[in-house]
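Residues per chain, in single letters:
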Amino acid sequence: MTPWGGRLSVTARIALLAIALALLSNLALIGFLWKQTHDVAIAATRREMVEQSDALIALWREGGLPRLSQAVRNAQPPGDTSLVVAIVDEEGRRLIGYAPPRLEVPIAARAFRVGYLADLPGWREHEAGYILRPVGRVWLLTGRKLDVIEAEQTAIERALALAVVMSLALGIVAGLVLARYVATRLDRIAAVIDEAGEGNLSRRVPMEARGADAFDRLAARLNAMLERIEGLMSELRVVTDSLAHDLRSPLARLRTKTEQAVLVSDPAQRDSALGGLLVETDLVMRMLTMVIEISRSESVSRDRFTLVEPADLVEEVAELYQPVAEDAGIRFDVAIDDRPPPLSLHRELVSQALANLVDNALKHGVPKQGVPKQAGAKREIVLRLRRLPDGVAIQVEDRGPGIAAHDRAQAMKRFGRLDSARSTPGAGLGLALIDTVARLHGGRFELADNAPGLVARLVLPG
């Protein structure tokens, strides 16, 4: 559709805007130059007339009217038809000098003025700058026709008109170049968006100025968004594949136990089968609940953050788990190395992450009772709060078998269960939730060696 048949495209609007801005800026500059030259010329004429009038008045005061008359007759240089010097009576009639036969302006003492002296040939075509001053019973007229100034102004106006035409042409060229540049950059962005809409999330918008212009900043944000979407899609595929794989076994066992409960006739055996059925059902429910919690954690907005004392939060979690650890025969210590100022946190999610840290340590970070202990292994857990140069660290230290350095990345993935933990009930989502909460707060989740044992550290930016 043509621009006249509908709304103008963005590039056409940018081109027209560039043309209009170029034209308006040049018109403003041209108008300023015209006004300045006109004002300077008028001011020069005014100074000349005032000086000449003062000189003639001084001659009149020294020699009277005869001296003044002689000076007026000799005041106009040969060939200068623009200078006006005359003595006129109270009716404006010329007595001596060069002026219209009769002035058609009010005869009264006044400062420098610009106007037409008479409606006569040679006088009606040009304005004059003049001064009228009384000398006894007559009046002294000094002035100058502005024909030279008008000629200069006309020449300037023609030059300025040509400049306007040139600025308009240059504005059109600049507008087209700018529109072309903008269209090219926008087309690149649109092409990437179109491919993303078709399912290709791997392409990125090229950056030309290394982030120095608005297009590069837009490209950087779009690329970051595409990377985030690509990562989420990859995680979604991993989650769906892992969920399908990990749910297969519990659902198969659930079906088997259901058949056993239906077919068995002995009440005791039926009750045992129903108990196993509930255990398998709880496992599936925990897996689904954890997946939902991770998804909700990733979509939480920062307006739900509040100021929280990290030390108070650690003490609350410790108070909750100390009785559990004591019942299991595990020593549970709390070490608050520093009490940092309040942080902006999502209290519930951070509490859930810390609970997962302690829960994982209770399940996997202590030797099982009745199992021979490894060298240095102890049934103890430490929940520690300490300050780092870049934030605050809340970590759980255990003395269990730990996790090998090459297995830690796998352990932090969703459904990432190591071979040593497959015999333990769980979904492999606890560490993934902690990592999600850390990234939500702009922090990080780390696993380190405790020699022996494991240090699981949640770092929150200060």
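Residues numbered from 1 in each chain as written. Predicted model: local features only at pLDDT ≥ 70, side-chain atom pairs only at ≥ 80, totals over all residues. Heavy atoms only, no water.

### What about the overall build of the protein chain?
Here comes step 1: Scanning the protein chain from N- to C-terminus turns up 8 helices and 12 strands.
Here comes step 2: A burial count over the protein chain gives 39% of its 462 residues as buried.
Here comes step 3: The long-range fraction of contacts in the protein chain, counting pairs at least 24 apart against all pairs at least 6 apart in sequence, stands at 60%.
Here comes step 4: Accessible surface, the protein chain: about 26300 Å² in total, of which carbon and sulfur atoms supply 58%. (Helix = DSSP H or I, 4+ residues; strand = E, 2+ residues; numbered from the N terminus. Buried < 20%, exposed > 50% of the residue type's maximum accessible area, 1.4 Å probe, protein only. Contact = heavy atoms within 4.5 Å. Areas by Shrake-Rupley, 256 points an atom, 1.4 Å probe, with all protein chains shown as cover.)

### Let's talk about the packing of aromatic side chains
Each aromatic ring pair is summarised here by two numbers: the centre-to-centre distance and the angle between the ring planes.
Here comes step 1: A complete count under the given rule lists 1 aromatic pair for this structure.
Here comes step 2: Considering the side-chain rings of Y98 and W123, the 5.4 Å spacing of their centres and the 40 degrees angle between planes classify their relative orientation as tilted. Here Y98 is found in strand β2 (residues 94–98), whereas its partner W123 is found in the loop between β3 (110–115) and β4 (128–135), with 25 residues between them in sequence.
Here comes step 3: Relative accessible area serves as the criterion here: at 26%, Y98 is assigned to the partly exposed category.
Here comes step 4: Using a relative accessible area of 9% as the deciding quantity, one classes W123 as buried.
Here comes step 5: K145 extends its terminal NZ or CZ atom over the ring of W123, reaching a point 4.1 Å from the ring centre. (Phe/Tyr/Trp six-rings, centres within 6.5 Å; stacked < 30°, edge-to-face > 60°. Lys NZ or Arg CZ within 6 Å of the ring centre and 35° of its normal.)

### Observations regarding the sheet that holds strand β10 (residues 391–398)
Here comes step 1: Taken in spatial order, the 5 strands line up as β7-β9-β10-β12-β11 in an open sheet, and their pairing is mixed. Each edge of the open sheet is held by one strand with a lone partner, namely β7 (331–336) and β11 (444–449). Within this sheet the neighbouring strands show an average axis-to-axis angle of 15 degrees, counted without direction.
Here comes step 2: Bridge count for strand β9 (residues 380–388) against β10 is 8 bridges, and the pairing is antiparallel. Residue pairing across strands places V382 opposite E397, the latter belonging to β10.
Here comes step 3: Along the sheet face, helix α5 (residues 310–327) touches β7, β9 and β10 and points at about 170 degrees away from the line of β7. (Pairing = 2+ DSSP bridges. Axes fitted to C-alpha atoms, helices over the stretch in contact; angles between N-to-C directions.)

### A closer look at the pattern of salt bridges
Here comes step 1: Scanning the entire structure with this criterion turns up 24 salt bridges.
Here comes step 2: Between E48 and R144 there is a salt bridge, with its nearest N and O atoms 2.6 Å apart. Separated by 96 residues along the polypeptide, E48 in helix α1 (residues 10–73) and R144 in strand β5 (residues 138–145) bring together distant segments of the chain.
Here comes step 3: Residue classification places E48 among the partly exposed residues on the basis of a relative accessible area of 29%.
Here comes step 4: Its relative accessible area of 17% is what places R144 among the buried residues.
Here comes step 5: Of the charged contacts, one joins D216 and R185 as a salt bridge, the two residues approaching to 2.7 Å between their closest N and O atoms. (Salt bridge = Lys/Arg side-chain N within 4 Å of Asp/Glu carboxyl O.)

### Some details on α5
Here comes step 1: Look at α5: 26 Å from first C-alpha to last across 18 residues, which is about the 26 Å you get at 1.5 Å a residue.
Here comes step 2: At Y321, α5 shows its largest kink, close to 35 degrees, and the proline P323 lies no more than four residues downstream.
Here comes step 3: Those residues of α5 that fall on the buried side of the exposure criterion are P310, A311, L313, V314, V317, A318, Y321 and A325.
Here comes step 4: On the buried face of α5, the contacting elements are β6 (306–308), β7, β8 (343–345), α6 (347–364), β9 and β10. (Expected span 1.5 Å × (residues − 1). Bend = angle between axes of the 7 residues up to and from the residue.)

### A closer look at the sheet that holds β2
Here comes step 1: Taken in spatial order, the 5 strands line up as β2-β1-β5-β4-β3 in an open sheet, and their pairing is antiparallel. In this open sheet, the two strands that pair with only one neighbour each are β2 and β3. In this sheet, adjacent strand axes meet at a mean angle of 20 degrees when their direction is disregarded.
Here comes step 2: Across 6 bridges, the pairing between strand β1 (residues 83–88) and β5 is antiparallel. When the bridges of β5 are listed, V84 appears paired with G143.

### A closer look at the confidence of the model for the protein chain
Here comes step 1: Confidence in the prediction for the protein chain averages 78 pLDDT; 81% of positions are at 70 or higher.
Here comes step 2: Ignoring residues within four places in sequence, the model shows residues 418–427, a span with pLDDT below 50, making 17 contacts including any to other chains. (pLDDT = per-residue confidence, 0-100.)

### Some details on the environment of L29
Here comes step 1: Inspection of the secondary structure assignment puts L29 in helix α1.
Here comes step 2: The exposure class of L29 is partly exposed, given its relative accessible area of 48%.
Here comes step 3: Note: C-alpha distance between L29 and L160 (131 residues apart in sequence) is 9.7 Å.

### Remarks on the packing of α5 against α6
Here comes step 1: Across the interface, α5 lies against α6 with an axial gap of 10 Å and an inter-helix angle of 35 degrees. In this structure, α5 meets α6 at a crossing whose hand is right-handed. On α6, the residues that touch L313, E316, V317, Y321, V324 and A325 of α5 are R347, V350, S351, L354, A355, V358, D359 and L362.
Here comes step 2: Tallied by class, the residues present in the contact of α5 with α6 amount to 10 nonpolar, 1 polar and 3 charged. (Left-handed = near helix turned anticlockwise from the far one by under 90°. Nonpolar A, V, L, I, M, F, W, Y, C, P; charged D, E, K, R; others polar.)

### Things to note about the side chain of S69
Here comes step 1: With respect to the helices, strands and loops of the structure, S69 is situated in helix α1.
Here comes step 2: In this view, S69 contacts I87 and I96; residues no more than four positions away in its chain are not counted.

### What about unusual backbone geometry?
Here comes step 1: The linkage connecting A451 with the following residue, P452, adopts the cis geometry, with an omega of -10 degrees.
Here comes step 2: Position of P452 relative to the elements: it lies in the loop between β11 and β12 (454–461).
Here comes step 3: Residue A451 is not a glycine yet carries a positive backbone phi of 50 degrees.
Here comes step 4: Residue position: A451 is located in the loop between β11 and β12.

### Notes on the pairing of β11
Here comes step 1: Two strands pair when backbone bridges link them, and β11 and β12 are joined in this way by 6 bridges, in the antiparallel orientation. Considered in β12, the bridge of A448 is made with V455.
Here comes step 2: Following β11, the chain reverses through 4 residues before pairing antiparallel with β12; A451 in that reversal takes a positive phi of roughly 50 degrees.

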